[in-house]
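# Chains, contacts and geometry: an overview
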Amino acid sequence: MVISLRRVVRSQYFPAAAALALVVLFWSVGMLGGLSLLSRSRPPLGTLAWLLFVYGSVVLSVAVGLWAAIDLARRLSRRRRRPPGRWKGRRRAN
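Further remarks concern helix α2 (residues 14-33). The terminal C-alpha atoms of α2, which comprises 20 residues, lie 28 Å apart, in line with the 28 Å expected from a rise of 1.5 Å per residue. Within the sequence span of α2, burial applies to Ala16, Ala19 and Val23. All buried residues of α2 lie within an arc of 65° about the axis, which places them on one face of the element. Within α2, the exposed residues directed more than 90 degrees away from the buried face are Leu22, Leu25, Val29 and Leu32. Of the surrounding secondary structure, the elements contacted by the buried residues of α2 are α4 (44-81).

Written as structure tokens, this is what we have:
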């Protein structure tokens, strides 16, 4: 169990896949509870600060999601183009 988890975390796909999963989670939570801000009465400055924070989060999440999707596609296409007889990893010293 620990060895397989370690292998997943050390995979070349893990950072981009984790970033993409977090972006999908962010958007899912936003879709489910995003309009709750409009139902509460808050001071205008507090609402403006919250909206600016959410706007920055949305822009950042789109950029990170786009980066992660492009990185995963690039890595997968590079793996498909690899000749079948080529060795996949580095050699370990005995």
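Let us keep going from here.
In regions of low pLDDT, the predicted coordinates are not meant to be interpreted in detail. Summing up the model confidence of the protein, the mean pLDDT is 81 and the portion of residues at 70 or higher is 80%. Across the protein, the element-wise mean pLDDT spans from 66 in helix α3 (residues 36-39) up to 89 in α4.

In terms of nonpolar packing, the biggest core is built from five residues, these being Tyr13, Ala16, Ala19, Ala68 and Leu72. Of all elements in the fold, only α2 and α4 reach the threshold of two or more residues within this core. Leaving out residues up to four positions away in the same chain, Ala16 has contacts with Trp67, Ala68, Asp71 and Leu72.

In this section: the packing of aromatic side chains. With the rule as written, the count across this model stands at two aromatic pairs. A ring pair is formed by Phe26 and Trp27, whose centres lie 6.0 Å apart and whose planes are at 85°; its orientation type is edge-to-face. Using a relative accessible area of 35% as the deciding quantity, one classes Phe26 as partly exposed. Owing to a relative accessible area of 32%, Trp27 belongs among the partly exposed residues under this scheme. Geometrically, the ring pair formed by Trp50 and Phe53 is tilted, given 5.5 Å between the ring centres and 35° between the ring planes. Of this pair, Trp50 and Phe53 are both found in helix α4, three residues apart, which corresponds to roughly one turn of the helix. Residue classification places Trp50 among the partly exposed residues on the basis of a relative accessible area of 38%. By relative accessible area, Phe53 is classed as exposed at 52%.

Considering all chains together, one arrives at two salt bridges under this definition. Among the ionic pairs, Arg74 bridges to Asp71, the shortest N-O distance being 2.5 Å. Taken as a pair, Arg74 and Asp71 lie in helix α4 at a separation of three residues, close to a single helical turn. For Asp71, a relative accessible area of 9% puts it in the buried group. Among the ionic pairs, Arg75 bridges to Asp71, the shortest N-O distance being 3.2 Å. Taken as a pair, Arg75 and Asp71 lie in helix α4 at a separation of four residues, close to a single helical turn.

The rules we used
- Residues numbered from 1 in each chain as written.
- Predicted model: local features only at pLDDT ≥ 70, side-chain atom pairs only at ≥ 80, totals over all residues.
- Heavy atoms only, no water.
- Helix = DSSP H or I, 4+ residues; strand = E, 2+ residues; numbered from the N terminus.
- Expected span 1.5 Å × (residues − 1).
- Buried < 20%, exposed > 50% of the residue type's maximum accessible area, 1.4 Å probe, protein only.
- Arc of directions from axis to C-beta.
- Contact = heavy atoms within 4.5 Å.
- pLDDT = per-residue confidence, 0-100.
- Core = buried A, V, L, I, M, F, W, Y, C linked by side-chain atoms within 4.5 Å.
- Phe/Tyr/Trp six-rings, centres within 6.5 Å; stacked < 30°, edge-to-face > 60°.
- Salt bridge = Lys/Arg side-chain N within 4 Å of Asp/Glu carboxyl O.

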